[in-house]
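Now for the letters of each chain:
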Amino acid sequence: MLDYFFPDMKLRNISDKEKLELADADLSRFRRTIRQFKLINYLFSASRRLLHEHFFTIMEQDPQRSYTLLDVGAGGCDIAIWAASEARKRGLKLNITALDNDKRSLPIAYQATRDYPEIRIIEGNALDLSRLGPFDFVFSNHFLHHLAWDDIRIFLDGIIARTQLAFVMNDLKRSNWAYFLFTIFSGLLTHRSFHYYDGRLSIRRGFLPKELRDFLHSNFPNSGIHVVETFPARVVLLHNLATMNETSRFSQ
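Presented here is a report on the structure given in the accompanying data block.

Cut-off values and rules
- Residues numbered from 1 in each chain as written.
- Predicted model: local features only at pLDDT ≥ 70, side-chain atom pairs only at ≥ 80, totals over all residues.
- Heavy atoms only, no water.
- Core = buried A, V, L, I, M, F, W, Y, C linked by side-chain atoms within 4.5 Å.
- Buried < 20%, exposed > 50% of the residue type's maximum accessible area, 1.4 Å probe, protein only.
- Helix = DSSP H or I, 4+ residues; strand = E, 2+ residues; numbered from the N terminus.
- Contact = heavy atoms within 4.5 Å.
- Pairing = 2+ DSSP bridges.
- Axes fitted to C-alpha atoms, helices over the stretch in contact; angles between N-to-C directions.
- Salt bridge = Lys/Arg side-chain N within 4 Å of Asp/Glu carboxyl O.
- Right-handed = clockwise from strand over helix to strand, strands pointing away.
- Phe/Tyr/Trp six-rings, centres within 6.5 Å; stacked < 30°, edge-to-face > 60°.
- Lys NZ or Arg CZ within 6 Å of the ring centre and 35° of its normal.

Grouped together as the largest cluster of nonpolar side chains are 34 residues, with contacts concentrated most on Phe55, Ile119 and Phe137. With seven residues, helix H4 (residues 78-89) is the largest single contributor of residues to this core. Excluding residues that lie within four positions of it along the chain, Ile119 makes contacts with Ala80, Ile81, Ala84, Ile96, Ala98 and Thr113. Counting residues in hydrophobic clusters, the runner-up holds 27 residues, among them Ile152, Ile159, Phe167 and Leu237.

In structure tokens:
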């Protein structure tokens, strides 16, 4: 019984599949799961705070220019919609490309963004970005944990090549307490969707900060990508090219 709430978290679980990823997943549950991400991201993802701190602060330094943002694994576009709304409130020009490889989520995204012409939705593979970019900013939320380590390397290669100002990859920290608390929350509030199963598996597929630091040291030793932890139980890859360029200029 204890293992049900506190499973072994020593290693990432990259073998099991989330139900949302299955081709034969029940479509009504699939749609409900996508729509419920809005609540889960609002409560737990820290995405809004990260966008504020690492993207909007840069945009406000030069509010007259137009900016571009790539949202990878956009799903139902709740984060893209929030970013577009926030840019409007601040008087900033922000054009967003929302990328997802699951065509089943596209009708939900199109419906949700019908009043946001600044959001462009495309179906595509995040491991092959050759037809996209460059972008000022790139963001992903709870996307990296879906990838094996080799695919993360391919993905980051593509993102680094296409980012002009900064990128933020927000993901899940593998934690027994995060697993336990999400089990309670999801069991109470995410009925008739895949979140109870998928969310708990996602945490087991998440990362320890040291794993990501070791991975970056081995594969991207001079990239300037930082690994930080943030509340609640999130681990984030940050890369700010504007700061790097300033540091390089003053060190010459």
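Bringing the sheet that holds strand S1 (residues 66-72) into the picture now. Across the sheet, seven strands lie side by side as S3-S2-S1-S4-S5-S7-S6; this open sheet has mixed pairing. Looking at which strands have only one partner, the edges of the open sheet turn out to be strand S3 (119-123) and strand S6 (226-230). Here the average twist between neighbouring strands, direction ignored, is 20°.

Applying the stated criterion across every chain, the model contains twelve salt bridges. The shortest N-O distance in the salt bridge between Arg174 and Glu211 comes to 2.7 Å. Of the two residues, Arg174 is situated in the loop between strand S5 (163-172) and helix H7 (176-189) and Glu211 in helix H9 (residues 209-219); the sequence distance between them amounts to 37 residues.

We now examine the pairing of S5. The buried fraction of S5 is high, at nine of ten residues. As judged from the six bridges shared by strand S4 (residues 135-141) and S5, these two strands associate in the parallel manner. The partner of Phe137 across the bridge, within S5, is Ala166. In the classification by handedness, the crossover that spans S4, the intervening helix H6 (residues 149-162) and the parallel S5 is right-handed. Taken together, the seven bridges between S5 and strand S7 (residues 234-240) define a ladder with antiparallel strand orientation. When the sheet's bridge partners are listed, Phe167 is paired in S7 with His239.

Bringing the packing of aromatic side chains into the picture now. Applying the stated criterion across every chain yields a total of 13 aromatic pairs. Centre to centre, the rings of Tyr67 and Phe137 are 5.9 Å apart; their planes meet at 35°, and the pair counts as tilted. Taken together, the residues Tyr67 in strand S1 and Phe137 in strand S4 connect sequence positions 70 residues apart. Taking the relative accessible area as the measure of exposure, Tyr67 reaches 2% and is therefore buried. Joined through ring pairs, the aromatic side chains of Phe55, Tyr67, Phe137 and Phe139 make up one cluster. Positioned above the aromatic ring of Trp149 is the side chain of Arg12, whose terminal nitrogen or guanidinium carbon lies 5.1 Å from the ring centre. In this structure, Lys19 packs its charged tip against the face of Tyr197, placed 4.8 Å from the ring centre.

What follows covers unusual backbone geometry. With an omega of 5°, the peptide bond between Gly133 and Pro134 qualifies as cis. In this structure, Pro134 sits in the loop between S3 and S4. Pro232 follows Phe231 through a cis peptide bond whose omega is -5°. Inspection of the secondary structure assignment puts Pro232 in the loop between S6 and S7. Positioned with a positive phi, Ala46 is a non-glycine residue whose angle comes to about 65°. Position of Ala46 relative to the elements: it lies in the loop between helix H2 (27-45) and helix H3 (47-59).

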